[in-house]
Amino acid sequence: MKPVLILGATSDIAKALAVKLADQGYPLWLAARQPLKIKDFAADLSTRHNLKVEPVALQNVKAVHLNKLAARFHSGLSGIISVLGKELNQVQAEKNQNLRTETWHSNFILPAEIIETLLPLVEPTGFIVGISSVAGDRGRKANYFYGSARAGFSAYLGGLRHRCNNRPYVLCVKPGYILTSATRGRNLPPALTSTPARVAKDILQQLRKRKKAILYTPWYWRYIMAVVRWLPDFIFRRLNI
Amino acid sequence: MKLTNWGHYPIAECKLYEPGDLQELTQIGSEQGSFISRGLGRCYGDASLGRAVISTIRLDQFLSFDAQKQVLTCRPGATLGDIINTFLPRGWVLPVIPGTRNVTVAGAIAADIHGKNHRSAGTFCDHVIAFDLLLPSGRQLTCSPTKNTNLFRATCGGMGLTGVITSCQVRLRQVETSLVKKKTYRAKSLEETIKLLNECEDEYSMAWVDSLAPEAKLGRGVVITGSHASKDHLKGKLIQQPLLNRTGQSLTMPRLTSFFLGRATAKIFNSVYYHTHRNSSNTVPIDGFFFPLDRVKNFNDLYGKHGLIQYQCCIPLEHAPEALYLLLQKIQGSRLLSFTCVLKRFGRSNKNLLSFPLEGFSLAVDFKAGKKTREFLGHLDAIVIKYGGRIYLAKDSRMPPSIFQKSYHNLPAFCRLKKKIDPEEKISSHLWQRLKP
């Protein structure tokens, strides 16, 4: 089987995905800005499953660098999964331009640019999965820098899906609240919070079925966000969310 | 938080840290005044308990496996069960397998554990190629039988007191199948049990001894021996999947109340166990042969809430039959509760300073923890010392320092090395505080 490239491999969701994919026999490229952090994790998966699992360094989006990356994967990929990006502090970002730019870059530009450059390497029977967020479904004051980046990324994935027409399969994943090291310390409502393992399970299930264009995980976020999107402005603007 | 090991005795108030990577481990270690590392806590006493405890269970990665050299490199928290699950389907097992799969590799090194094949295979550390040790000073050294040899010999069996192992290389051994040809014998007396163990031709052997049998039948038991089955030995369905890792269902024991924990119950249990085992031979999965007690998820709860004390000693060969008879006689006459009593034949001891096995016999007995038990065990200590034996640190929770000093002749060398690499005693456990000279 051709390898799967996971972007943002230091994240908990990426690791959960890597474990499940290795279990299914996929060799893996684990791309991260700090590949040393996943050196042991990659070695462990590689030894356990007798597969090639290699960390890859991911730096800023520059055409030169991306072409080098493309050269490394020249023999083809079964799929690309982007787990890049995270929610940065809205309050701090309102005062700090660098933080805003970083938010928009890491949650939209970087993953989109990488996927776009590496698209020709993905086999037609393969897949492209982009982890976006429910936050992109409607801008709200609590997180609209992150939300707008994710809205952009979701639209990018939608356009890509339209263009690819299932060769390869393109999936936009919108998780709700997930308990990871990135969300540690935040007060997430326990009833609505899921785990990286659950997200990975849902994604892999969808990769088997290949029915959905957008996967909300857990499933109930589809309906929560439908309500949030429907709320007319005169109600929404009064809500403190 | 309150921490305790497999015997549920003692219980200690410890600060527990679970670093996720080596950087975190080094950081935590440097910040502590005194700490001890810990694996899965399968020792019985106070070995991995201390003021601060650094657990290695998150450092459980395999790093590489070289099939040519037959060497697995892994982090300290990798478990033996994990190794078997991963490599048995590929035709590899560990050369030394203890009675439970739930032991970390570093823990296996720290206790220099043994299995049912000590006579032929020695201890776990006899198959350790090398390990990286993080010293209390922050320096990291690679230790092997030929490099930093003294440190290697002190760390193997050193109960974690020389430093923290950060990675290890362990030799694996090839097998043709995941099955064991098992033979069961019923022995009517201690003499017969000893004879069967001495004359055993199989690689693995052990004897369950009825410690509550009346004096005339003292030492009667069930001797179990086995060897890895080759493909030729497999019949029927088994041939189709020779290396399948067959694991069985597990059950959870209820914590027995003191009403059921009487000698009468134990005597009945022992009698039934003895009589239902007859001379036989069959082919069993590795899981069932080596880890029968892992099937019963919490057999250590069997002794009630105060926990259990396991007394494991070994006696040199020459006077072993005499010593074993006296020990069993004392145990039988003590009126204390004991469910399991296991006898093993050991081969030659190795050069590791605090390694337990001596060429002779090992006797391991469980007792319900309590003041009476602790007082009684002093009598057993006297017999063990008289016949030149010693007690296993990984099971110990109450041995007096004088007994330790009299029986471990390499203790002065160990202490000198420890003083040299850890002058401020940064690494210390409750076991060490109790036993150190």
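Structure: see above.
All of these numbers come straight from a predicted model, not from anything done at the bench.

All names here are of chain A. Applying the stated criterion across every chain yields a total of 24 salt bridges over all chains. Lys2 serves as the salt-bridge partner of Glu123, at 3.4 Å between the closest nitrogen and oxygen. One end of the pair, Glu123, is in strand S5 (residues 122-131); the other, Lys2, is in the segment before strand S1 (4-7), with 121 residues separating them in the sequence. With relative accessibility at 24%, the residue Glu123 sits in the partly exposed group. On the accessibility criterion, Lys2 (33% relative accessible area) is partly exposed. Among the ionic pairs, Glu54 bridges to Arg72, the shortest N-O distance being 3.4 Å. With Glu54 in strand S3 (residues 53-57) and Arg72 in helix H3 (residues 63-72), this pair connects stretches of sequence that are 18 residues apart.

Residue and element names in this part refer to chain A. The set of residues buried in helix H8 (residues 221-230) consists of Trp221, Met225 and Val228. Relative to the axis of H8, the buried residues are bounded by an arc of 55 degrees and lie together on one face. The exposed set on the far side of H8, more than 90 degrees from its buried face, consists of Tyr223 and Trp230. Those residues of H8 hidden inside the fold are in contact with strand S7 (177-178), strand S9 (214-217) and helix H9 (233-236).

Evaluation of the coordinates by the stated rule reveals 24 aromatic pairs over all chains. An angle of 90 degrees between the planes, with centres 6.5 Å apart, marks the rings of Tyr26 of chain A and Phe127 of chain A as edge-to-face. A residue pair is termed long-range when its members are at least 10 positions apart, and Tyr26 of chain A in the loop between helix H1 (12-23) and strand S2 (28-32) and Phe127 of chain A in strand S5 qualify at 101 residues. Note on accessibility: Tyr26 of chain A and Phe127 of chain A belong to one class, buried. With centroids separated by 6.3 Å and ring planes inclined at 35 degrees, the aromatic side chains of Tyr220 of chain A and Trp221 of chain A adopt a geometry described as tilted. Trp221 of chain A sits in the buried class, given a relative accessible area of 6%. Ring-pair connections join several aromatic residues into one group, and the members of that group are Tyr177, Trp219, Tyr220, Trp221 and Tyr223 of chain A. Here the basic side chain of Arg186 of chain B rests over the ring of Tyr274 of chain B, its NZ or CZ set 5.2 Å away from the ring centre. The ring centre of Phe361 of chain B lies 5.6 Å from the NZ or CZ of Arg345 of chain B, which sits over that ring.

The subject of this paragraph is helix H5 (residues 97-118) of chain A. Residues and elements named next belong to chain A. End to end, H5 covers 30 Å across 22 residues, agreeing with the expected 32 Å (1.5 Å per residue, within 8%). The axis of H5 is deflected most strongly, by about 45 degrees, at His105. Thr103, Ser106, Asn107, Leu110, Pro111, Ala112, Ile114, Ile115 and Leu118 are the residues of H5 that are buried. A side-chain oxygen of the first residue of H5 lies 2.9 Å from the backbone nitrogen of Asn98; this N-cap is Asn96.

Residues and elements named next belong to chain A. Between H5 and helix H6 (residues 144-164), the least distance of the axes is 8 Å, while the angle of their chain directions is 10 degrees. It follows that H5 is roughly parallel to H6 by the angle criterion. Note that H5 runs across H6; the crossing there is right-handed. Between H5, through Arg100, Thr103, Trp104, Asn107, Phe108, Pro111, Ala112, Ile115 and Glu116, and H6, the contact on the second element is made entirely by Phe145, Tyr146, Ser148, Ala149, Arg150, Gly152, Phe153, Tyr156, Leu157, Leu160 and Arg163. The residue makeup of the contact of H5 with H6, split by class, is twelve nonpolar, four polar and four charged.

Procedures and definitions
- Residues numbered from 1 in each chain as written.
- Chains lettered and ligands numbered in written order.
- Predicted model: local features only at pLDDT ≥ 70, side-chain atom pairs only at ≥ 80, totals over all residues.
- Heavy atoms only, no water.
- Salt bridge = Lys/Arg side-chain N within 4 Å of Asp/Glu carboxyl O.
- Helix = DSSP H or I, 4+ residues; strand = E, 2+ residues; numbered from the N terminus.
- Buried < 20%, exposed > 50% of the residue type's maximum accessible area, 1.4 Å probe, protein only.
- Arc of directions from axis to C-beta.
- Contact = heavy atoms within 4.5 Å.
- Phe/Tyr/Trp six-rings, centres within 6.5 Å; stacked < 30°, edge-to-face > 60°.
- Lys NZ or Arg CZ within 6 Å of the ring centre and 35° of its normal.
- Expected span 1.5 Å × (residues − 1).
- Bend = angle between axes of the 7 residues up to and from the residue.
- Polar contact = N/O pair within 3.5 Å; in protein donor to acceptor, adjacent residues only side chain to side chain.
- Axes fitted to C-alpha atoms, helices over the stretch in contact; angles between N-to-C directions.
- Parallel < 35°, antiparallel > 145°, perpendicular 65-115°, else oblique.
- Left-handed = near helix turned anticlockwise from the far one by under 90°.
- Nonpolar A, V, L, I, M, F, W, Y, C, P; charged D, E, K, R; others polar.

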